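A closer look at the structure
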Amino acid sequence: NANPAPTTIASLKWRVADISLGAALAALFGIIYWGFTIVFFSQISPILRTVLPGFGSILHGVWYLSGPLALLLIRKPGAAIYVNVVGAVFENILGQQYSAFMVLASAALQAVFSELPFAIARYKKYNLTLSVISGTLTALEYGIYLMFVVYQGKSANYLTIHMICELISGFVIAGIVPWLLFVAVRKTGALSNFASGRDQEVVA
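Residues numbered from 1 in each chain as written. Predicted model: local features only at pLDDT ≥ 70, side-chain atom pairs only at ≥ 80, totals over all residues. Heavy atoms only, no water.

**With respect to the overall build of the protein chain**
Counted only if it meets this: Elements are defined by DSSP. Helices are runs of H or I of four residues or more, strands are runs of E of two residues or more, and each kind is numbered from the N terminus. For the radius of gyration, the atoms used are the C-alpha atoms, and the globule rule reads 2.2 Å times the number of residues raised to 0.38. To sort residues, take the accessible area from a 1.4 Å probe on protein chains only and compare it with the maximum for the residue type: under 20% means buried, over 50% means exposed, and anything in between is partly exposed. The contact rule is simple, with two residues in contact once any of their heavy atoms fall within 4.5 Å.
If you tally the helices and strands in the protein chain, you get eight helices and zero strands. From first element to last, N terminus to C terminus, the protein chain shows the α and β order α-α-α-α-α-α-α-α. The C-alpha atoms of the protein chain give 17 Å as radius of gyration, which agrees with the globular expectation for 204 residues (17 Å, within 12%). By its C-alpha atoms, the protein chain is 60 × 30 × 30 Å across when sized along the principal axes. A buried classification covers 43% of the 204 residues belonging to the protein chain. Within the protein chain, contacts between residues separated by at least 24 positions form 72% of all contacts whose residues are at least 6 apart in sequence.

Dropping the structure here:
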């Protein structure tokens, strides 16, 4: 007990299994990003805009739920960054309407905010509370990012509704949903080779 640090450090090291799981998640979410972007802007967004200006942000959490989920499943520092950035690369390969650099930069920035709560907890705690904080922080970052990069010139009313919906989306879609997905996957036994599958204290 005199020097427990090596054990802690070893538990945070990436294994081949962790890298493989991260790559699989990145490929999956790269396809999800790409498909959702096409469907959202062509089918869903026009409908939401007619309901309420700025209401489209209520579904933005789909674009960044991968960060909290990656951390819950892999439980390694940088898991969100790895999955988000590689996922963005897959999305760029499939083809999308935005600058490839901006997509990568946005994905990396989202991932940093997803990591923050878990980093503050020194990557020792993984629960619903941290997942929700992670998703909400990412929503805050992305909401502000859109205000300065995409929504310049929008009315104060539009921006207010946008931020409220963004935060709700982050709380639910990028916070609660990743936890539910983690619990569901864990129950299948697919995570038995990972710390997330062996944790006996999976609590809210």
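Now, onward.
**Topic: the pattern of salt bridges**
Rules: Whenever a carboxyl oxygen of Asp or Glu lies within 4 Å of a side-chain nitrogen of Lys or Arg, that contact is scored as a salt bridge.
Tallying each qualifying case throughout the model produces two salt bridges. Across the salt bridge formed by Asp18 and Arg15, the nearest N and O atoms sit 3.1 Å from each other. Given the relative accessible area of 31%, Arg15 is considered partly exposed. Taking the shortest distance from any N to any O, the salt bridge between Asp18 and Lys76 comes out at 3.9 Å. On the criterion of sequence distance, the pair formed by Asp18 in helix α2 (residues 16–51) and Lys76 in the loop between α3 (66–74) and α4 (79–94) is long-range, its members being 58 residues apart.

**Things to note about the packing of α4 against helix α5 (residues 100–120)**
To keep things clear, this is the line we draw: Each axis is a line fitted through C-alpha atoms, and for a helix only the stretch in contact is used; angles between axes span 0 to 180 degrees, taken between their N-to-C directions. Throughout this description, any angle smaller than 35 degrees is read as roughly parallel, any larger than 145 degrees as roughly antiparallel, any in the 65 to 115 degree range as roughly perpendicular, and the remainder as oblique. In this scheme the crossing of two helices becomes right-handed for a clockwise turn of the near helix relative to the far one and left-handed for an anticlockwise turn of less than a right angle. Note on residue categories: nonpolar means Ala, Val, Leu, Ile, Met, Phe, Trp, Tyr, Cys or Pro, charged means Asp, Glu, Lys or Arg, and polar means any other residue, Gly included.
Contact geometry of α4 with α5 gives a least axis separation of 8 Å together with a crossing angle of 160 degrees. It follows from the interaxial angle that α4 and α5 lie roughly antiparallel. Considering how the two elements wind past one another, α4 and α5 form a crossing that is right-handed. Contacts between α4 and α5 pair Ala79, Ala80, Ile81, Asn84, Val85, Ala88, Val89, Glu91 and Asn92 from the former with Ala100, Val103, Leu104, Ala107, Ala108, Gln110, Ala111, Val112, Ser114 and Glu115 from the latter. Classifying every residue of the contact of α4 with α5 gives 13 nonpolar, four polar and two charged.

**Re the packing of α2 against α3**
The interhelical angle for the contact between α2 and α3, taken along N-to-C directions, is 160 degrees, at an axis separation of 11 Å. As the angle between them shows, α2 and α3 are arranged roughly antiparallel. Of the two elements, α2 crosses α3, and the hand of that crossing is right-handed. Along the contact surface, α2 presents Asp18, Leu21, Gly22, Leu25, Phe29 and Tyr33, while α3 presents Ser66, Leu69, Ala70, Leu73 and Ile74. Classifying every residue of the contact of α2 with α3 gives eight nonpolar, two polar and one charged.

**Brief notes about the environment of Gly56**
Residue placement: Gly56 occurs in the loop between α2 and α3. Since its relative accessible area comes to 12%, Gly56 is described here as buried. In this structure, the C-alpha to C-alpha distance between Gly56 and Cys165, residues 109 residues apart in sequence, is 7.8 Å. Once residues within four sequence positions are removed from consideration, Gly56 is found in contact with Phe40 and Leu48.

**Re the packing of aromatic side chains**
Definition in use: Pairing of aromatic side chains requires ring centres within 6.5 Å, counting the rings of Phe and Tyr and the six-membered ring of Trp. Pairs whose planes differ by under 30 degrees are stacked, by over 60 edge-to-face, and all others tilted. Put simply, a charge is over a ring when the Lys NZ or the Arg CZ is close to the ring centre, within 6 Å, and near the line of the ring normal, within 35 degrees.
Counted under the stated rule, the structure contains 12 aromatic pairs. For the ring pair Phe40 and Trp63, a centre distance of 5.4 Å and an interplane angle of 75 degrees mean the geometry is edge-to-face. Taken together, the positions of Phe40 in helix α2 and Trp63 in the loop between α2 and α3 put the pair 23 residues apart, joining distant regions of the chain. Here a set of aromatic residues connected by ring pairs shows up, and it is made of Phe36, Phe40, Phe41 and Trp63. Positioned over the ring face of Tyr158 is Lys154, at 4.7 Å from the centre of the ring.

**Overview of a nonpolar patch on the surface**
Spelled out, the test is: The residues that make up patches have over 30% relative accessible area and no salt bridge, and they are joined within 9 Å when like-charged or within 5 Å when they are Val, Leu, Ile, Met, Phe, Trp or Tyr. Each accessible area value is a Shrake-Rupley result obtained with a 1.4 Å probe; residue values ignore everything except the protein chains displayed when judging cover.
There is a patch of nonpolar side chains on the surface, built from Phe101, Met102, Leu140, Ile144, Phe148, Val149 and Val150 and spanning about 650 Å² of accessible area. Of all the secondary structure elements, the ones that give two or more residues to the nonpolar patch are α5 and α6 (128–149). Of all the elements, α6 adds the most residues to the nonpolar patch, at four residues. Relative to the helices and strands, Phe148 resides in helix α6. Its relative accessible area of 63% is what places Phe148 among the exposed residues.

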